[in-house]
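These are the residues of each chain, in order.
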Amino acid sequence: MKNREIANYGYPVLVLVLGMLLLSAALPRLKASLNHLPVDLAINELNSGKDLDFQKADTLRKTALQSIALSDQPRYWADLSRLLFFQAQKTASLSLKRQSLLKQTQYSIEQSLTASPANSLLWLQLAQLHVSLNSVSDKTINALTLSILTGPYELGHLLPRLQLCLALLSKFDTKDYFLLQSQILIAWQKAPTLFIKEVALKNNNMTKIRFLLQNKSADVLAAMETEIEKPH
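About the criteria used
Residues numbered from 1 in each chain as written. Predicted model: local features only at pLDDT ≥ 70, side-chain atom pairs only at ≥ 80, totals over all residues. Heavy atoms only, no water. Helix = DSSP H or I, 4+ residues; strand = E, 2+ residues; numbered from the N terminus. Expected span 1.5 Å × (residues − 1). Buried < 20%, exposed > 50% of the residue type's maximum accessible area, 1.4 Å probe, protein only. Arc of directions from axis to C-beta. Contact = heavy atoms within 4.5 Å. Core = buried A, V, L, I, M, F, W, Y, C linked by side-chain atoms within 4.5 Å. Polar contact = N/O pair within 3.5 Å; in protein donor to acceptor, adjacent residues only side chain to side chain. Patch = residues over 30% accessible without salt bridge, like charges linked within 9 Å, V, L, I, M, F, W, Y side chains within 5 Å. Areas by Shrake-Rupley, 256 points an atom, 1.4 Å probe, with all protein chains shown as cover. Salt bridge = Lys/Arg side-chain N within 4 Å of Asp/Glu carboxyl O.

S.K.: Go over helix 5 (residues 96–115) with me, naming the residues and quoting the values.
M.R.: Owing to its 3.6 residues per turn, the α-helix brings residues three or four apart onto one side. Here helix 5 contains 20 residues, and its C-alpha end-to-end distance of 29 Å stays within 8% of the 28 Å for a straight helix at 1.5 Å per residue. Here helix 5 has its buried residues at Leu101, Leu102, Thr105, Gln106, Ser108, Ile109, Ser112 and Leu113. Angular distribution of buried residues about the axis of helix 5 spans 165°; they occupy a single face of the element. In this structure, helix 5 carries Leu96, Lys103, Thr114 and Ala115 as exposed residues pointing more than 90 degrees from its buried face. Turning to helix 5, the residues buried within the fold contact helix 3 (54–70), helix 4 (74–89) and helix 6 (120–132).

S.K.: Mind laying out the nonpolar core, listing which residues take part and the relevant values?
M.R.: With 61 residues, the main nonpolar core has Leu52, Leu144, Leu180, Ile184, Phe195, Ile209 and Met224 as its most contacted residues. In terms of residue count, the dominant contributor to this core is helix 4 (eight residues). Not counting residues up to four positions away in its chain, the partners in contact with Leu52 are Ala42, Leu46, Ala57, Leu60, Leu83 and Phe86.

S.K.: An account of the side chain of Gln183 is needed here, citing residue identities and associated values.
M.R.: On the secondary structure map, Gln183 appears in helix 9 (residues 177–190). At a separation of 2.7 Å, a polar atom in the side chain of Gln183 contacts the side chain of Arg161. Residues contacting Gln183, with those up to four places away along its chain left out, are Ile148, Pro152, Leu158, Arg161 and Leu162.

S.K.: Explain helix 8 (residues 155–167) residue by residue, including any values.
M.R.: When the terminal C-alpha atoms of helix 8 are compared, their 19 Å separation across 13 residues agrees well with the 18 Å that a helix rising 1.5 Å per residue should span. Within the sequence span of helix 8, burial applies to His157, Leu158, Leu159, Arg161, Leu162, Leu164, Cys165 and Leu166. The secondary structure elements touched by the buried residues of helix 8 are helix 6, helix 7 (138–150), helix 9, helix 10 (192–200) and helix 11 (205–213).

S.K.: Can you lay out the environment of Glu227 for me, pointing to particular residues and giving the numbers?
M.R.: You can see Glu227 is positioned in helix 12 (residues 218–229). Residue class for Glu227 comes out partly exposed when judged on its relative accessible area of 22%. Through-space distance from the C-alpha of Glu227 to that of Thr193 is 8.7 Å; in sequence the pair is 34 residues apart.

S.K.: Describe a nonpolar patch on the surface, with residues and values.
M.R.: There is a patch of nonpolar side chains on the surface, built from Leu27, Leu30, Leu34 and Leu37 and spanning about 360 Å² of accessible area. With three residues, helix 1 (residues 2–35) is the largest single contributor of residues to the nonpolar patch. For Leu34, the location among the structural elements is in helix 1.

S.K.: Tell me about the pattern of salt bridges, and please be specific about residues and values.
M.R.: All chains considered together, the criterion is met by seven salt bridges. A salt bridge links Asp40 to Arg75; its shortest N-O distance comes to 2.7 Å. One end of the pair, Asp40, is in helix 2 (residues 37–47); the other, Arg75, is in helix 4, and 35 residues separate them in sequence. Accessibility expressed as a relative area gives 41% for Arg75, which makes it partly exposed. Measuring nitrogen to oxygen at the nearest pair gives 3.3 Å for the salt bridge that ties Lys90 to Asp51. Remark: Asp51 occurs in the loop between helix 2 and helix 3 and Lys90 occurs in the loop between helix 4 and helix 5; sequence separation between them is 39 residues. Relative accessible area serves as the criterion here: at 46%, Lys90 is assigned to the partly exposed category. Among the residues examined, Asp51 registers a relative accessible area of 53% and is labelled exposed. Here the salt bridges share partners, and the residues they tie into one network are Asp40, Arg75 and Asp79.

What follows is the structure, given as structure tokens:
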């Protein structure tokens, strides 16, 4: 009888204690999520092409850092990098402040990628930052390679990534040319008109495209040449 009474009272208490432990563990994440709401709204506005007050961006940076302190999430680091890069773009080029903002952006991106490496866009942004900081290296090519591998079909950044890859073609190892060839074919298949306008007709890129495709996809190359000869 006594054992039954212990069971009747003990199990509910145990469930209550476990519930309280789970709640206490989830509380920082919930606080961080609520704290981060203004940052989420601002990032959505930036992504939709709207502008943001520089000082407001500064306030939101501090909010993002508070969110990270509450719950170290890769998304919060990514949002912080977006705000930092926005401020860098609004700052005079070649200034020390701009350089500092770009380096902080790079650090934030790296923190996000450390926790969540399967982010194609962030790998591209990391490579772009290397170019902005005049620090192109093997790490830049590695970032571009990882961007391709984690998101080869992402049309939203497929074309700008391909532009950058072609600009840095001489930095790629020849064994990795197949990645660039595949990206050209994907871009041509998914958005041929945009590909011609935004990639092929810029910065002497068609010469590089011919070099990459001439012995691999001659038929596709011929179709591109035909399209380019049309008036645009």
